[in-house]
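Topology and contacts: notes
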Amino acid sequence: MEIIVSVTVGLLVAIGIWMLLDRGLLRVVLGIVVLGNGVNLAVFSAGRLDGRAAAFVTEAGAPALAANPLPQALVLTAIVIGFALFVFALAVLKRSFELHGNVETDRITAVAEKPAPDLPAPAAAQPATPASGAAAAATTTATAGTKPASPPAALGAGKGAAAGTRT
Amino acid sequence: MLASIGLIVLAMSIAAPLAGRMGERAGWLLALAPLAAFAHFLLQMPLVAGGGVVVQTLAWVPALDVGLTLRLDGLSLLFALLITGIGTLIVLYAGAYLSDHHHLGRFHAYLLGFMAAMLGLVLADDMIAMFVFWELTSVTSFLLIAFQHDKPASRRAALQALLITGGGGLALLAGLILLGNVGGSWQFSALSGGAIAGHALYPAILALVLIGAFTKSAQLPFHLWLPNAMAAPTPVSAYLHSATMVKAGVYLLARLNPALGGSPSWSTILITVGAATALVGAVLAIRQTDLKRVLAYTTVTVLGQLTMLLGTNTHYGLQAFAIYLVAHAFYKAALFMAVGAIDHATGTRQIALLGGLIRHMPLTGFAVALAAFSNAGLPPFFGFIAKEFKYAGLIELGVAGWITTAVMILTNALLLTAAGLVFVRAFLGREGCYPHPPHEVSLPMWIGPMLLAIGGFVFGAFNNLAEVWLIDAAVQAVSRTAVPVHLYLWGGFTPALVASLLTVALGVLFYLQRTRLRRRLSLWRVLWRVSGDMIWDRLLKRIFAFATRVADHFQHGSLRQHISWLVLAIAGFALIGIVASTADELVWPELTSPLNLAAALGCVLAVAGAAAAATMPGRVALVATLGASGLGMAMIFLASRAPDVAITQLMVETLTVIFLALVLRRLPPTRLVGSRKPAARRFHALVAVVLGGVVTAMMLMTVSQPLPGDIARWYLDNSLPGGKGANVVNVILVDFRALDTLGEILVVGLAGLAAASLLGGGRNTHAAGTAGGSSARHGQGAREGSADFGSVLLRQAILPLSGLLAVVSLVLLWRGHNLPGGGFIGGLVAASATVLLALAFGVERARAVLRVPPVAMLAIGLAVAAAAGVVGLVQGEAFLTGNWVFPGGLALGTPLLFDVGVFLTVLGAVLHMLLRLIEREA
């Protein structure tokens, strides 16, 4: 049984990493969940799976073949913390979509990272990328309340605009 | 001594709120702290003057023989009195000088923080403690120079000062560590000179310590930060950059003179560098047109002379060192404060615009006159005695001393000229032309210069006073052997007096010819063109360019590349471990437990679900497959006899799906999977497979070995007798490892707060949002429940269901100690019940049912959990020790209370996020 679980852990980790390397941020966030599941299972099975009874004890003492309770306790809290982390990541994803109108991993970097105010801006002007175009359109909509004049090529201008009205 | 530092730190911490409430009057109250410290050190004077020392020790790192040892000897006392005495006046002065500044409180806090650090520096006997205080003074100096941080010049000057003194600090740390190892002690007072001077590492120690001291005390070629530091407000210049902090380097040299001094290299380096610094500073001072910069460069000169005097190590030289230290601190702080007052009153510090100020500012003018006489080295002021002893000390050296004396005559003549500029040019003669009509400044601004200037006169005229109480003990602390100390104004017709007369004559000549002199100096264009500042700028630019090139290589902003290399590096290290393993460790696991069909099915489901989520494009498919994967996980846990874990996983999966469904509605559909380029896709697949393979191998290696230790058995055996619970997993969570759990629910709580703030503002922003066009629909969810739950039948079914769930959650919480359940599971179930209610009947309704806002619930939960721990503490046991009572056969204990805290925290955190999200999205 441990062999099967070991292979499962490896597969979950591999799938999780693959998802982390995805182009869309949504799948990156879900990759965290899959990777977390793999790691939880690894910790869990490190306590071995030879238990025949759940870890409950009576006055007479513990069952001879009780499951290992320590990894169970560790994994239980890890699941809840992993959930909190997942929701936080999801919140960041949602917020960055509202702000930048984009959910692609590498484009977010281009939009979100601005040079420090003291330093002269680099020669390659930022607004050239379609991503920040969407962000700009969203801001315009928020103030003027009209349809964006130049719909960005890449992704959901309408969504960006809808987000803009709410921000 | 510790108490006086602590008092100043206390004043620092209340400075900001106090200044916010009292404005400029806060200075009067805050000045009490340094005043009390000053009084404390004054009271120590008889003891120290009699040759005694006061030692206070606080254990810090006893294992490394590092302690917070404070030791008050003559040298420390001299510095401590200067720091606290001048500090008191400066705090008063700053309150008036910056009275209209909106960050006055911050300024006071920085200033007092610096004062505490500087006091620690001069009192510390332990090298490491001294170094920590040393760095703290650099940091506070940085903050104070950059106080007007909206000006680029201030920021540049602050950074320059920090980089130079900080870089020197690194050298100093290395030097001190070497010194401690060679000298065999971390205490300055326990170092012996003989053993160190003969050691092979002596040159390295000397070089490193000198770099540290020279950078701090602005010696050539590191002097350029000090004049630039004049960008700071004047109280800072007066206090840090003339009277105290810049003298830290000189202090260190004096402190180490008994241990390191006496070698020819010590004398040669100190005298050469000191004399060169003094001369360059004096020449540059005459060139300046800004009164404050004149003073800044004369400070460089004085620091050079002090360094030089330590290098002489003669009787007169060391006496001159101590006298000059005090004399300079008095007159320079006074002059700086006076220049600040002139700036404050007239709006300018340009020498060309000033003149005849004595008519408008008689009190300041009187103080400046006294200070300038001391500065010029005229009798009967303290500066005169300093100058006489300086010459006498140099002449003692022989031929080299005569050459140095000649240089010093020139330097001091220039100092006299500078003093003339400050007093004669600004206060006498024709009326200047001022931006504002000049007026006398308020009491806090003239009292400081006045007291200090009078001090310089009193110490000069009644020099026996200074000798007995201050100078004698200080000189003995600096010197390697006992030095007979005797101060006098008139020592007969000596070579020193001749040199003095020559200095005055030359100084007056320079002053009268100052216009021609300055014109001559500016003819040496070549010299000014290659200024230190320019070299500094070029150097910094090069370094930044290099750093940018390196950083661009590694910080290119591509998340996927970062992850790829990180993963490959992890896999690489793991592979090294696997390759390095012995044959016994690389066996196929034999002792495996038999196949558990349900668990194996769970494995298949978990992997299949995850694989589908990784490859399927649709959003609904994502939610469904990910849910299936989580279900598989729950199956594995359940089949492996872990009911608590399985239930938790199930509840989390349920909530995950709700969150995903709510957020996904707003996100654009994901059409593509993976990268666009096939090569990148192949690379990413390779990365994933490599790590997966390595992890599998590591897992197999782990399970092939027998489980070490008996920790599981210990928990099983002690759960009931020790933890009063039959559910071992729950007992571990709330009792045995409760501190872990406390940290974990704290993380959950923080994540909940952070996520909720990102998921959308509170109800107020929501209300503002409804004014927009497309929001009629999303406002409805909050008020009436989602349209998806429109069916009356469904709603009627949900009402009892959520009530039932709420009851079940409480039952789970209660029975968790003995049966599957507990705070985590109960909290998640209760959250599900509330969410169901919110979806069907609206968030308003759900909030009304809850009565307590989720964020309050979260806070209460954390407080309850912590309070459960404190019970143990009150009983004299460790934090979170379980305490039990048995009323009527019922087992009640603090672990149960702790579990209630967990329940509330989890419930509060989840609801805080989810209700916000539903409000915005439903």
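This is a predicted model, so every value here is computed, not measured. (Residues numbered from 1 in each chain as written. Chains lettered and ligands numbered in written order. Predicted model: local features only at pLDDT ≥ 70, side-chain atom pairs only at ≥ 80, totals over all residues.)

**Quick word on the overall build of chain A**
For the record, the criterion: We count a stretch as a helix when DSSP gives it H or I for four or more residues in a row; a strand needs E for two or more, and each element gets its number in order from the N terminus. Buried residues are those with 20 or more other C-beta atoms within 10 Å of their own C-beta, exposed residues have 12 or fewer, and partly exposed residues lie in between; C-beta atoms are placed from the backbone. Residue pairs are scored as contacts if the distance between their C-beta atoms, which are placed from the backbone, is within 7 Å.
When its secondary structure is counted, chain A shows six helices and zero strands. Counting from the amino terminus, chain A carries its helices and strands in the arrangement α-α-α-α-α-α. The 167 residues of chain A split such that 61% are buried. By sequence separation, contacts in chain A at least 24 residues apart represent 48% of the contacts at least 6 residues apart.

**So, the interface of chain B and chain A**
Condition: Classes in brief: Ala, Val, Leu, Ile, Met, Phe, Trp, Tyr, Cys and Pro nonpolar; Asp, Glu, Lys and Arg charged; the others, Gly included, polar.
Chain B puts 96 residues into the contact, and the matching count from chain A is 83 residues. Broken down by element, the side of chain B that touches chain A gets its largest block of residues, 14 residues, from helix 29 (residues 678-704) of chain B. Among the residues forming the side of chain B that touches chain A, the class breakdown is 61 nonpolar, 28 polar and seven charged.

**Topic: the environment of Lys724(B)**
All names here are of chain B. Relative to the helices and strands, Lys 724 resides in the loop between helix 30 (711-723) and helix 31 (728-736). Sequence-wise, Lys 724 and Gly 893 are 169 residues apart; in three dimensions their C-alpha atoms are separated by 8.8 Å. Lys 724 has contacts with Trp 884, Ala 891 and Gly 893, leaving out every residue within four places of it along the chain.

**Considerations on the packing of helix 3 (residues 69-100) of chain A against helix 31 of chain B**
Our working definition: Here, axes are lines fitted to C-alpha atoms. For helices the fit covers the stretch in contact, and angles between N-to-C directions go from 0 to 180 degrees. Oblique is the label for any angle not covered by the other classes, which are roughly parallel (under 35 degrees), roughly antiparallel (over 145) and roughly perpendicular (65 to 115). Crossing handedness is read from the near helix: turned anticlockwise from the far helix by less than a right angle, it gives a left-handed crossing, and turned clockwise, a right-handed one.
At their nearest, the axes of helix 3 of chain A and helix 31 of chain B sit 8 Å apart, and the two run at 60° to each other. The angle between helix 3 of chain A and helix 31 of chain B falls in the class oblique. Two packed elements cross with a definite hand, and for helix 3 of chain A against helix 31 of chain B that hand is right-handed. Packed against helix 3 of chain A, whose contacting residues are Pro69(A), Leu70(A), Gln72(A), Ala73(A), Leu76(A) and Thr77(A), the element helix 31 of chain B presents Val728(B), Val729(B), Ile732(B) and Leu733(B) at the interface. For the contact of helix 3 of chain A with helix 31 of chain B, the class distribution of residues is eight nonpolar, two polar and no charged.

**Observations regarding unusual backbone geometry**
Residues and elements named next belong to chain B. Residue Pro 221 follows Leu 220 across a cis peptide bond; omega there is 0°. Positionally, Pro 221 belongs in the loop between helix 9 (202-216) and helix 10 (225-228). Cis geometry marks the peptide bond from Pro 379 to Pro 380; its omega dihedral reads 0°. Mapped onto the fold, Pro 380 is located in the loop between helix 16 (362-376) and helix 17 (382-395). Phi at Ala 218 takes a positive value of approximately 55°, unusual for a residue other than glycine. For Ala 218, the position within the fold is in the loop between helix 9 and helix 10. With a phi angle near 65°, Arg 641 is a residue other than glycine that sits in the positive phi range. Within the secondary structure layout, Arg 641 lies in the loop between helix 27 (619-639) and helix 28 (643-664). Under the C-beta neighbour-count criterion, Arg 641 is labelled buried, with 25 such atoms within 10 Å.

**A look at the packing of helix 17 of chain B against helix 18 (residues 399-427) of chain B**
Residue and element names in this part refer to chain B. Look at helix 17 against helix 18: their axes get within 8 Å of each other, and the N-to-C directions meet at 155°. Our classification of the angle between helix 17 and helix 18 gives roughly antiparallel. In this structure, helix 17 contributes Lys 387, Lys 390, Tyr 391, Leu 394 and Ile 395 to the contact, and helix 18 contributes Gly 401, Trp 402, Thr 404, Thr 405, Met 408 and Asn 412. Class assignment of the residues belonging to the contact of helix 17 with helix 18 gives a composition of five nonpolar, four polar and two charged.

**Observations regarding the pairing of strand 2 (residues 66-72) of chain B**
Residue and element names in this part refer to chain B. We apply this condition: Strands are treated as partners if at least two bridges between them are detected by DSSP.
The sheet contact formed by strand 1 (residues 54-61) and strand 2 spans seven bridges and is antiparallel. Bridge pairing in strand 2 links Thr 57 to Thr 69. The turn joining strand 1 and strand 2, which pair antiparallel and follow one another in sequence, is formed by four residues; a positive phi near 60° is taken by Asp 65.

**Examining the nonpolar core**
Using the following cut-off: We call a set of buried Ala, Val, Leu, Ile, Met, Phe, Trp, Tyr and Cys residues a nonpolar core when their C-beta atoms link them within 7 Å.
Ranked by size, the top nonpolar core spans 209 residues in total, and within it Ile323(B) and Val326(B) carry the most contacts. Among the elements that take part in this core, helix 15 (residues 315-346) of chain B stands out by supplying 23 residues, more than any other. Aside from chain neighbours lying at most four places away, what touches Val326(B) is Leu78(B), Phe382(B), Phe459(B), Ala466(B) and Leu470(B). Phe86(A), Leu720(B), Val748(B) and Ala755(B) belong to the second-largest nonpolar core, a separate cluster that totals 144 residues.

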